[in-house]
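Structure assessment
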Amino acid sequence: MSIESKGKVAFIGLGVMGYPMAGYLQQKGYQVCVYNRTVAKAAQWVKQYGGSHAASPALAAAEADLVFICVGNDDDVRSVVYGDDGVLATLQPGGVLIDHTTASAELARELSIACEAKQIGFLDAPVSGGQAGAENGVLTVMLGGQPSAFDQAETAIMSYARCAKLLGPAGSGQLAKMVNQICIAGVVQGLAEALNFAQNAGLDGAAVVEVISQGAASSWQMQNRSLTMLDGKYDFGFAVDWMRKDLGIALNEARKNGSHLPLTALVDQFYSEVQQMGGSRWDTSSLLARLKR
């Protein structure tokens, strides 16, 4: 299929996730125009993948059918969506705005209303899989929004995803991402405690993992992070700073809907201790480092 037949898209935000995601869109036959606050990063992306870059989100979105956003937080999203330089200034009726940022459900509902007023579809679409998932094109995407918007955007999203599921109205994707992070927090803490226990008991941690990973104790974290944890290596993607942002969003939402998250709140505090140790940019498996102080 030709580039023209797949259409024009814009991608706003070329961080560790957005950079390869936008690359997959270009490689799959979309005409991609990117925007990034650091212009040199956008120019580097164009040199690597082709496509083009624009001086503002509005200019990037001007001719796009689909606009993807992957930035840091709620305020970052608002800064590239609203105003004369924001994507809503130029994205035409019938287009779809897809926000891959992990943000609040409240923001997703706000953006959905703003888009609806302009006859634009909206999807909140946080992802799971980390930097490796983005680089390998195998992300999991949790979505909220209108089925019609999902139908328009699904093929493009699958350029860099292995699973994309619409879970309900706007905000549902963000709520599902909160569920995801709640699960991860507990699993990583349990794995950190188990590995610390094994070493303190004089066991060969790697040998123990080889055995128990074949049974009910196994998890993605055990399969992918246990050996690096035992080696004290914590530079494998999703940073503690980002996890604390995500857990903060989940804890805030829990206060609104009456959920009790005692384990999540405790692990969030453990991550704050990792930050105080200088581990803000360590990956989330660094909970073991806290136990070894």
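An account of the accompanying structure is given in this report. None of these values were measured; they are calculated from a predicted model. For every chain, the first residue of the written sequence is number 1, and numbering continues from 1 along that sequence. In view of the model being predicted, local features appear only for residues whose pLDDT reaches at least 70, and side-chain atom pairs are presented and counted only at 80 or more, with totals across whole chains, interfaces and linings using the full set of residues. Side-chain metrics in this entry use all non-hydrogen atoms of the structure; hydrogen atoms and water are not considered.

1. Here we look at the overall build of the protein
Broken down by element type, the protein carries 14 helices and nine strands. Since a compact globule built from 293 residues should have a radius of gyration of about 19 Å, the 20 Å found for the protein is in line with a globular shape. Counting only C-alpha atoms and orienting by the principal axes, one finds that the protein spans roughly 65 × 45 × 35 Å. Among the 293 residues that make up the protein, the fraction classed as buried is 51%. Taking all contacts inside the protein whose residues are at least 6 apart in sequence as the whole, residues at least 24 apart take part in 66%. Per-residue and other accessible areas were derived by the Shrake-Rupley procedure at a 1.4 Å probe size, with only the shown protein chains allowed to occlude residues. Accessible surface, the protein: about 13,300 Å² in total, of which carbon and sulfur atoms supply 53%. Runs of H or I in DSSP of at least four residues are treated as helices and runs of E of at least two as strands, each being numbered from the N terminus. Using C-alpha atoms as the atom set, the radius of gyration is obtained and then compared with a globule rule of 2.2 Å times the number of residues to the power 0.38. Residue exposure (1.4 Å probe, protein chains only): buried if accessible area is under 20% of the type maximum, exposed if over 50%, otherwise partly exposed. Contact definition: two residues touch when any of their heavy atoms are within 4.5 Å.

2. Regarding the packing of aromatic side chains
Between rings of Phe, Tyr and Trp, where Trp is taken as its six-membered ring, a pair exists when centres lie within 6.5 Å; planes separated by under 30 degrees are stacked, by over 60 edge-to-face, and by other angles tilted. Under the counting rule described, the total for this entry stands at six aromatic pairs. On the numbers, 5.3 Å between centres and 40 degrees between planes, the contact of W45 with Y49 is tilted. A residue pair is termed a helical-turn pair when its members lie 3 or 4 positions apart in one helix, as W45 and Y49 do in helix α3 (residues 39-49) at four residues. Given the relative accessible area of 0%, W45 is considered buried. Centre to centre, the rings of Y234 and W282 are 5.9 Å apart; their planes meet at 35 degrees, and the pair counts as tilted. Of this pair, Y234 sits in the loop between α11 (220-230) and α12 (240-257) while W282 sits in the loop between α13 (262-276) and α14 (287-291); the two residues are 48 residues apart in sequence, bridging distant segments of the chain. On the accessibility criterion, Y234 (10% relative accessible area) is buried. For W282, a relative accessible area of 28% puts it in the partly exposed group.

3. Section: the pattern of salt bridges
Throughout this description, the term salt bridge denotes a Lys or Arg side-chain nitrogen within 4 Å of a carboxyl oxygen of Asp or Glu. All told, the structure shown has eight salt bridges when counted by the stated rule. Between E273 and R290 there is a salt bridge whose closest N-O contact spans 2.8 Å. Of the two residues, E273 is situated in helix α13 and R290 in helix α14; the sequence distance between them amounts to 17 residues. Looking at R290, the relative accessible area reads 13%, which means it is buried. When salt bridges that share partners are traced, they join D75, R78 and E110 into one network.

4. Things to note about the packing of helix α9 (residues 172-200) against α12
To define axes, lines are fitted to C-alpha atoms, for helices over the stretch in contact only, and angles between the resulting N-to-C directions are given on a 0 to 180 degree scale. Two elements in contact, α9 and α12, have axes whose closest approach is 9 Å; the angle formed by their N-to-C orientations is 115 degrees. Comparing their axes, α12 and α9 come out roughly perpendicular. Considering only the axes of α9 and α12, their crossing is left-handed. Here L175, K177, M178, Q181, I182, I184 and A185 of α9 come into contact with α12, specifically with M243, D246, L247, I249, A250 and E253. Under the grouping applied here, Gly and all other residues not named as nonpolar or charged are polar, the nonpolar ones being Ala, Val, Leu, Ile, Met, Phe, Trp, Tyr, Cys and Pro and the charged ones Asp, Glu, Lys and Arg. Grouping the constituent residues of the contact of α9 with α12 by class yields nine nonpolar, one polar and three charged. Roughly parallel refers to an angle under 35 degrees, roughly antiparallel to one over 145, roughly perpendicular to one between 65 and 115, and oblique to any angle outside these ranges. When the near helix sits turned anticlockwise from the far one by under a right angle, the crossing is termed left-handed; a clockwise turn instead gives a right-handed crossing.

5. Some thoughts on unusual backbone geometry
One non-glycine residue, Q119, lies in positive phi territory at about 60 degrees. Within the secondary structure, Q119 is located in the loop between α6 (105-116) and β6 (121-124). Note on Q119: relative accessible area 60%, which makes it exposed.

6. Thoughts on the side chain of D268
With respect to the helices, strands and loops of the structure, D268 is situated in helix α13. A relative accessible area of 8% places D268 in the buried class. Among residues more than four places away in sequence, those in contact with D268 are R244, L247 and L251.

7. Section: the environment of H53
Along the chain, H53 falls in strand β3 (residues 52-53). Its relative accessible area of 36% is what places H53 among the partly exposed residues. Counting along the chain gives 229 residues from H53 to W282, while the straight-line C-alpha distance between them is 31 Å. Among all residues touching H53, those that are not within four sequence positions of it are C33, V34, V39, A42, A43 and V46.

8. Some points on the packing of helix α2 (residues 18-27) against α3
It is the contact of α2 with α3, at a shortest axis distance of 10 Å, that shows an interaxial angle of 35 degrees. In terms of crossing hand, the pair formed by α2 and α3 is right-handed. Along the contact surface, α2 presents Y19, P20, A22, G23, Q26 and Q27, while α3 presents K41, Q44, W45, Q48 and Y49. Its residues assigned to classes, the contact of α2 with α3 shows five nonpolar, five polar and one charged.

9. Some details on the nonpolar core
Among the nonpolar cores identified, the biggest contains 35 residues, and F11, L25, F68, I98 and I157 are the most heavily contacted of them. The residues contacting L25, other than those within four sequence positions of it, are V9, F11, Y30, V32, F68, A156, S159 and Y160. Buried residues of nine kinds, namely Ala, Val, Leu, Ile, Met, Phe, Trp, Tyr and Cys, make up a nonpolar core once their side-chain atoms join them within 4.5 Å. I12, A54, V67 and C115 belong to the second-largest nonpolar core, a separate cluster that totals 25 residues.

Interpretation in functional terms is not warranted from these geometric data alone.
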